[in-house]
Amino acid sequence: MRTIPAFKRQKPETLRPKKNTDANYSSQWRLMYLRFKKHKLAQISLFILALLYTVALFAQFIAPYGLQSYDSKYVNVPPMGFKFIDADGKFHIKPFVYELKSTRDPETMRKIFVPDTEKRHSLQFFVKGEEYKFLGLIKTSTHLIGVKEPGRVFLLGTDGMGRDLFSRIILGSQISLSIPLVGVGISLVIGLIIGGISGYFGGWLDSIIQRVIEIIRSFPTLPLWMALSAAIPPRIPVVTMYLYIVIIFAFIGWTDLARVVRGKFISLKNEDYVIAAKIAGVGSTKIIIKHLLPGFISYLVVATTLAIPGMILAETAMSFLGLGIRSPATSWGVLLQEAQKIENVALYPWKLFPLGIVILTVLTYNFLGDGLRDAADPYKK
Amino acid sequence: MTKPKPILDVIDMNKDFQVKSKTALFRKPASVQVLNQISFELIEGETLSIVGESGCGKTTLGRCIVRGMDASSGQVIYHTEDGQQIDFLKLKGKGSKTYRREIQMIFQDPYSSLSPRMSVFDIISEPLIANFKLSKAEVEEKVTLIAEKTGLNVSYLRRYPHAFSGGQRQRIAIARALITQPRLIVCDEAVSALDVSIQAQIINLLKDLQEQFRITYIFISHDLSIVQNISDRVAVMHLGRIVELAASESLFGQPRHPYTEALMSAVPQPDPELKKNRIILEGEVPNPANPPSGCHFHPRCAYRTEKCVKEVPELREVGYNHFTACHYAEELKLKGVHNELADEA
């Protein structure tokens, strides 16, 4: 066997980079991170999303009221902001709210609320309220903010049953923000496997898979949702219902991701460096893991990020139509059901607040996706 | 002198590409024959160049030999070091690694042939790790050694390919091809993407390595000046066929095929005083999906006769180890490359 002749020499060191910012030593991921850091809008979006998800995680703690609490005395209360200066012009360090008196509008005889300036309730941290399980584990009744009984605080008003909208938006975010993540997660796994098979093996298998995807994509989504949600048995636990809905979304959502994966597989498997690895004797599995996957994973991150807002909107739309999450569980779409009546929107416009938060979330996801796409594109200056 | 030892026999290699028709849904896909009965023998330690115009099948031939692509039919008999003869194209499974690593390839474009997601060290060590069981220290030692041999700065090995210039990248690609100690390397236009000055460096590097490790090269190129400089033998390809195969001096001095003559006349002359007789071929390169009858070159050949239109010329020996596929190889007086240096010597 011929060997490369060895000769006496000093052993040179292959320099491993110390902590530095030298682009020459930077991996693709690091370059992507450096570019992402320049994208201010995406960073702000990432921050807002992190905030939203943190709030969702600690929803029961942050929300002043629980999912079950309602008060028929306070129906359709408008949002009350907290005040620092009272009716007499006196300044209070602690913000406070006035208790509400209900009266009738002398002209329309509609029930309206006026603040009772005699009764002040200052806003407090760590108030005892409705009992819940913190993170689903520890039983407690402490809420982040609130007022002492018998006072009430409705930062964003109440709905037609006297439930605090602010609390319900926060509690609803748990479902509205997590369904898309889980749904996209499942579609990603399905899309990766099916798209990978389609792209890597090609041939008749590819043709069949592509035709199936086309058929699924050509279903009109609304009737499909209706049909699928009709299949969900009524009166099932919230968790089971949640699962069903995620599966419905994943069933439709995977097709997009499968196409992205297939396209990338096809373009990458004919790259010179992949053929070089093949010639060098690297096995198929290793080629997929070391060359193909890293090659398109950044695109996948982008595609996934951009697929999430679609799912948020879909969940909202489904729940809005009464096809998705049902009471007593809540999501933003469920909250918007009340806005179906024009009367509600005209007289109690605060019921549209959930819409604002949906728009905010979708926009931030889109900005984040944009930022990631720019960062992942190696050809962008 | 010992009898030249063959290293590779390519026998009747064919390669068809299926062309999908965009309009017809059920019609049988048309096929284009890119390689047509290619046969040649490769001697250990030599450099065989394959030349021809774009689209003649040079790259396909190279890729089929190293199995970057699958040939439609034919054999590649590989003569191992201990004298066994193996059909390289039929190697399968784990045992095949031993032989497959002995034939490596260098690609044309040093930008697309290196994964942008791996550090140079990982790129060079990849074939090593795939083929041998070695400890980390051994891998590092071999990689640094080969990096030194190919003129790479060892302290830069942890960098990523985007930190390197074209010439350096090609050195990385050469290092990767060399690390498994191959006996044969297919260089697919290995220098054509580089500057002229860098080309010379890389060519010299390849020559040095050939002397040190007794490597055989198949050098695919369209640059005849380089081919003349480095090759022992040259094969001229036209439309998927070898039309002429001869020792370098013999081919460049006295070509026997009109197509070769036309190629030669296109070689730039460094001396402006010299009169140039460029042969401009009329018409276009024939469509390989629908090749002309008889000799594939006849529509563009200045010497064509009735016979050329009807009969396909065989590749036959017309001089000592000089093969050509032309009916009139003996009669025609064709011009080679005017070589000042050769004349003076």
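As recorded in an unreviewed UniProt entry, chain B goes by the name Peptide/nickel transport system ATP-binding protein, listed as coming from Paenibacillus endophyticus. As stated in UniProt under Sequence similarities (unreviewed entry), the record for chain B gives "Belongs to the ABC transporter superfamily."

The name that an unreviewed UniProt entry assigns to chain A is Peptide/nickel transport system permease protein, with the source organism given as Paenibacillus endophyticus. Recorded in UniProt under Sequence similarities (unreviewed entry), the annotation for chain A is "Belongs to the binding-protein-dependent transport system permease family."

Asker: Whenever I open this one, the overall build of chain B confuses me. Can you help?
Answerer: For chain B, the count of helices and strands is eleven helices and twelve strands. C-alpha atoms of chain B, sized along the principal axes, occupy 70 × 60 × 45 Å. Taking the contacts inside chain B whose residues are at least 6 apart along the sequence as the reference set, 65% of them involve residues at least 24 apart. Only carbon and sulfur atoms are counted for the fraction: they give 50% of the accessible area of chain B, which is about 16,400 Å². For chain B, the distance from the average site of its 42 positive side-chain charges to the average site of its 42 negative ones is 8 Å.

Asker: Sorry, what's going on with the domain arrangement of chain B here?
Answerer: For an interface, size is often stated in terms of accessible area lost upon the parts coming together. Residues and elements named next belong to chain B. For chain B, the domain assignment lists domain 1 (1–17 + 35–231) and domain 2 (247–345). Of the residues lining the interface, nine residues belong to domain 1; the matching set on domain 2 comes to eleven residues. Taken together, the two surfaces of domain 1 and domain 2 that pack against each other cover about 850 Å², and 58% of this comes from carbon and sulfur. Among the residues domain 1 hides against domain 2, the three largest losses belong to Glu53, Leu224 and Gln228. Together they make up 66% of the total. Remark: the boundary between domain 1 and domain 2 carries one salt bridge. Among the salt bridges present, the one from Arg300 reaches Glu53, with a minimum N-O distance of 2.7 Å. For the pair domain 1 and domain 2, the number of links is two residue pairs in polar contact (both at pLDDT 80 or more). The biggest single contributor to the side of domain 1 that touches domain 2 is helix H7 (residues 224–230), with four residues. In the side of domain 1 that touches domain 2, the residues fall into three nonpolar, five polar and one charged.

Asker: Honestly, the packing of helix H4 (residues 165–201) of chain A against helix H5 (residues 203–217) of chain A in this entry has me stumped. Any pointers?
Answerer: Residue and element names in this part refer to chain A. Direction vectors running N to C along H4 and H5 enclose 140°, while the axes themselves pass 7 Å from each other. By the angle between their axes, H4 is oblique relative to H5. Taken as a pair, H4 and H5 cross one another with a handedness that is left-handed. Along the contact surface, H4 presents Ile194, Ile197, Ser198 and Phe201, while H5 presents Gly203, Leu205, Asp206, Ile209 and Gln210. Residues that form the contact of H4 with H5 fall into these classes: five nonpolar, three polar and one charged.

Asker: It is not clear to me how the interface of chain A and chain B should be interpreted in this structure. Could you clarify?
Answerer: On the chain B side, the residues contacting the 37 residues of chain A number 46 residues. With both sides pooled, the region where chain A packs onto chain B buries about 3,900 Å², and carbon together with sulfur makes up 54% of that total. For the salt bridge of Arg63 of chain B with Asp272 of chain A, the shortest nitrogen-to-oxygen distance reads 3.0 Å. At the junction of chain A with chain B, the criterion picks out six residue pairs in polar contact (both at pLDDT 80 or more). Only helix H1 (28–37), helix H8 (272–279) and helix H9 (284–320) of chain A provide two or more residues apiece to the side of chain A that touches chain B. Per-element accounting of the side of chain A that touches chain B gives the leading share, seven residues, to H8 of chain A.

Asker: It is not clear to me how the packing of H5 of chain A against helix H7 (residues 238–269) of chain A should be interpreted in this structure. Could you clarify?
Answerer: Two packed helices can be described by the angle between their axes and the distance between those axes. Residue and element names in this part refer to chain A. Two elements in contact, H5 and H7, have axes whose closest approach is 10 Å; the angle formed by their N-to-C orientations is 140°. One finds that H5 runs oblique with respect to H7. In this structure, the crossing between H5 and H7 has a hand that is left-handed. Only Phe251, Trp254, Thr255, Asp256, Ala258, Arg259 and Arg262 of H7 make contact with H5, whose side of the interface consists of Asp206, Gln210, Ile213, Glu214, Ile216 and Arg217. When the residues that make up the contact of H5 with H7 are grouped by side-chain class, the tally is five nonpolar, two polar and six charged.

Asker: Can you walk me through the environment of Ile65 of chain B in this structure?
Answerer: With respect to the helices, strands and loops of the structure, Ile65 of chain B is situated in helix H1 (residues 58–66). Contacts of Ile65 of chain B, omitting those with residues within four sequence positions, involve Leu8, Val10, Met13, Phe40, Phe88, Leu89 and Ile218 of chain B.

Asker: Where do I start with unusual backbone geometry in this structure?
Answerer: Peptide bonds are, in most cases, trans, and in most cases residues other than glycine have a negative phi. Residue and element names in this part refer to chain B. One non-glycine residue, Arg214, lies in positive phi territory at about 55°. Position of Arg214 relative to the elements: it lies in the loop between helix H6 (196–213) and strand S8 (216–220). Residue class for Arg214 comes out partly exposed when judged on its relative accessible area of 49%. In this model, Leu239 sits at a positive phi of 50°, which is unusual for a non-glycine residue.

Asker: Would you mind showing me how to read the UniProt feature "domain: ABC transmembrane type-1" (unreviewed entry) in chain A here?
Answerer: The sites that UniProt annotates as "domain: ABC transmembrane type-1" (unreviewed entry) are residues 173–369 of chain A. Secondary structure across residues 173–369 of chain A comprises 81% helix and 0% strand; the distance between its end C-alpha atoms is 20 Å.

Asker: Whenever I open this one, the domain arrangement of chain A confuses me. Can you help?
Answerer: Residues and elements named next belong to chain A. According to the domain assignment, chain A consists of domain 1 (42–57 + 167–376) and domain 2 (68–160). Computed from C-alpha coordinates alone, the two centres of domain 1 and domain 2 are separated by 37 Å. Of the residues lining the interface, nine residues belong to domain 1; the matching set on domain 2 comes to eleven residues. Taken together, both faces of the contact between domain 1 and domain 2 bury some 820 Å²; the carbon and sulfur share is 62%. Summed over the shared surface of domain 1 and domain 2, the result is zero salt bridges. Scanning the region where domain 1 abuts domain 2 turns up one residue pair in polar contact (both at pLDDT 80 or more). The residue inventory of the side of domain 1 that touches domain 2, partitioned by class, reads six nonpolar, no polar and three charged.

Asker: Please explain the pairing of S8 of chain B as it appears in this structure.
Answerer: Consecutive side chains along a regular strand alternate between the two faces of the sheet. All names here are of chain B. Counted residue by residue, S8 has five buried out of five residues, so it is predominantly covered. Alternating residues of S8 divide into Thr216, Ile218 and Ile220 and Tyr217 and Phe219, and every residue in both groups is buried. Sheet topology note: the strand S3 (residues 47–51)/S8 ladder contains four bridges and is parallel. The residue bridging Thr47 from the neighbouring strand is Tyr217, located in S8. In this structure, strand S7 (residues 184–188) lies alongside S8, joined through five bridges in parallel fashion. Bridging across to S8, Asp188 finds its partner in Ile220.

Definitions and limits used
- Residues numbered from 1 in each chain as written.
- Chains lettered and ligands numbered in written order.
- Predicted model: local features only at pLDDT ≥ 70, side-chain atom pairs only at ≥ 80, totals over all residues.
- Heavy atoms only, no water.
- UniProt positions renumbered as here; feature names shortened; annotations may be inferred.
- Helix = DSSP H or I, 4+ residues; strand = E, 2+ residues; numbered from the N terminus.
- Contact = heavy atoms within 4.5 Å.
- Areas by Shrake-Rupley, 256 points an atom, 1.4 Å probe, with all protein chains shown as cover.
- Lys, Arg positive; Asp, Glu negative; His and termini not counted.
- Charge placed at Lys NZ, Arg CZ, Asp CG, Glu CD.
- Domains from an automatic or database assignment.
- Buried area = accessible area lost by both parts, 1.4 Å probe.
- Salt bridge = Lys/Arg side-chain N within 4 Å of Asp/Glu carboxyl O.
- Polar contact = N/O pair within 3.5 Å; in protein donor to acceptor, adjacent residues only side chain to side chain.
- Nonpolar A, V, L, I, M, F, W, Y, C, P; charged D, E, K, R; others polar.
- Axes fitted to C-alpha atoms, helices over the stretch in contact; angles between N-to-C directions.
- Parallel < 35°, antiparallel > 145°, perpendicular 65-115°, else oblique.
- Left-handed = near helix turned anticlockwise from the far one by under 90°.
- Buried < 20%, exposed > 50% of the residue type's maximum accessible area, 1.4 Å probe, protein only.
- Pairing = 2+ DSSP bridges.

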